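Understanding the architecture of this molecule
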Amino acid sequence: MRPSPSCQRLPLTALAWFAPLALAACSPEAGARTASWTGTIDTLASGRVVVVNPSEPLWKEGERWTVTEDLRIGTLDEPGPYEFAEIIALDVDAFGRIWALEAQSKEIRVFDAQGRHVRTVGGAGGGPGEFNGPAHAEFGPDGHLWVVDPQNNRISVIDTAGTFVASHRIEGGFFMSPWPGGFDLHGNYYLPVPRSDPDRGFGLSLVRHDLDLTPM
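Residues numbered from 1 in each chain as written. Predicted model: local features only at pLDDT ≥ 70, side-chain atom pairs only at ≥ 80, totals over all residues. Heavy atoms only, no water.

**Structural notes on the overall build of the protein chain**
Of the regular secondary structure elements, the protein chain holds zero helices and 16 strands. Burial status across the protein chain gives 34% buried among its 216 residues. Within the protein chain, contacts between residues separated by at least 24 positions form 40% of all contacts whose residues are at least 6 apart in sequence. Total accessible area on the protein chain stands at roughly 12,700 Å², and carbon and sulfur atoms take up 53% of it. (Helix = DSSP H or I, 4+ residues; strand = E, 2+ residues; numbered from the N terminus. Buried < 20%, exposed > 50% of the residue type's maximum accessible area, 1.4 Å probe, protein only. Contact = heavy atoms within 4.5 Å. Areas by Shrake-Rupley, 256 points an atom, 1.4 Å probe, with all protein chains shown as cover.)

Below, the structure is given as structure tokens:
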């Protein structure tokens, strides 16, 4: 595939086992130009698509992108909100705060745009605002954070103050990473729903829902 001529901000990256969160931006070096890709794409009789890249790299010397760290959150030797084990979802609210879903501690840690800890939301359990096996989190068109918790068979909705607002019941009992569902650009919500196939056994279908989580 052709690389994009413009560079976009890379997402926050969480390294497993207590590594810091890092936010980076990339930019082409001075004097960079966009070259034309000279490889080939062929479709075989079987329908398989074969892509062959040229032996020479697309980026010439002095044209390669560089990576610059904008923000680092985390520590290797201090217990507390800056120590991470398994970040499985990240999103940013309308105020620029970073919401990190920590699967091992089953909580959400909120940081401001400078990386300072603001609050911790949730924790292990089955009560309102608690999580048993969180798998995904993202902000919806309502401005609230939707946290998928299949082990509790629900989606918990949390406002930007960290307050539990509501929950929606879902079919759960399974865990997938990365989680295949979420919001589309029109505000519809997609959920994987278990199905039983006599020939293939257990499977999942992706079902579109409205904001009331009614299947559409």
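**Things to note about the sheet that holds strand 6 (residues 87-92)**
Spatially, 6-7-8-9 is the arrangement adopted by the four strands of the open sheet, whose pairing is antiparallel. Here the strands that pair on one side only, and so sit at the sheet edges, are strand 6 and strand 9 (117-122). When the angles between neighbouring strand axes are averaged without regard to direction, this sheet yields 20°. Sheet topology note: the strand 8 (residues 107-111)/strand 9 ladder contains five bridges and is antiparallel. Counterpart to Glu 107 in the pairing with strand 9 is Gly 122. (Pairing = 2+ DSSP bridges. Axes fitted to C-alpha atoms, helices over the stretch in contact; angles between N-to-C directions.)

**Structural notes on a nonpolar patch on the surface**
Residues Ile 41, Val 49 and Val 51 make up a contiguous nonpolar surface patch of about 270 Å² in total accessible area. Among the secondary structure elements, Ile 41 is positioned in strand 3 (residues 40-43). (Patch = residues over 30% accessible without salt bridge, like charges linked within 9 Å, V, L, I, M, F, W, Y side chains within 5 Å. Salt bridge = Lys/Arg side-chain N within 4 Å of Asp/Glu carboxyl O.)

**A closer look at unusual backbone geometry**
Residue Pro 178 follows Ser 177 across a cis peptide bond; omega there is 0°. Relative to the helices and strands, Pro 178 resides in the loop between strand 13 (164-169) and strand 14 (182-183). At Lys 106, a position not held by glycine, the phi torsion is positive, near 55°. Mapped onto the fold, Lys 106 is located in the loop between strand 7 (98-102) and strand 8. Owing to a relative accessible area of 22%, Lys 106 belongs among the partly exposed residues under this scheme. Positive phi, normally seen in glycine, also occurs at Asn 153, with a value near 55°. Its place among the elements puts Asn 153 in the loop between strand 11 (145-149) and strand 12 (154-158). Among the residues examined, Asn 153 registers a relative accessible area of 24% and is labelled partly exposed.

**With respect to the packing of aromatic side chains**
In total, this model carries six aromatic pairs according to the counting rule given. A network of ring pairs unites the aromatic residues Tyr 82, Phe 84 and Phe 111 as a single cluster. (Phe/Tyr/Trp six-rings, centres within 6.5 Å; stacked < 30°, edge-to-face > 60°.)

**Re the side chain of Ser 156**
In this fold, Ser 156 is placed in strand 12. In contact with Ser 156, not counting residues within four places along its chain, are Glu 130, Phe 131, Leu 145, Trp 146, Val 147, Phe 164, Ala 166 and Ser 167.

**Some details on the pattern of salt bridges**
All told, the structure shown has four salt bridges when counted by the stated rule. Note that Arg 109 is salt-bridged to Glu 107, the shortest N-O span being 2.9 Å. Taken individually, Arg 109 and Glu 107 each receive the classification buried, so the pair is uniform in this respect.

**Examining the pairing of strand 12**
Burial of strand 12 is extensive: five of the five residues sit out of reach of the surface. Two strands pair when backbone bridges link them, and strand 11 and strand 12 are joined in this way by five bridges, in the antiparallel orientation. In the sheet register, Leu 145 faces strand 12, and the bridge partner there is Ile 158. Here strand 11 folds back onto strand 12 in antiparallel fashion, the turn holding four residues, of which Asn 153 has a positive phi close to 55°. Taken together, the five bridges between strand 12 and strand 13 define a ladder with antiparallel strand orientation. Paired with Ser 156 across the two strands is Ser 167, which belongs to strand 13. In textbook terms, the turn of a hairpin is the stretch between consecutive antiparallel strands, and for strand 12 and strand 13 this stretch comprises five residues, one of which, Gly 162, has a positive phi near 85°.

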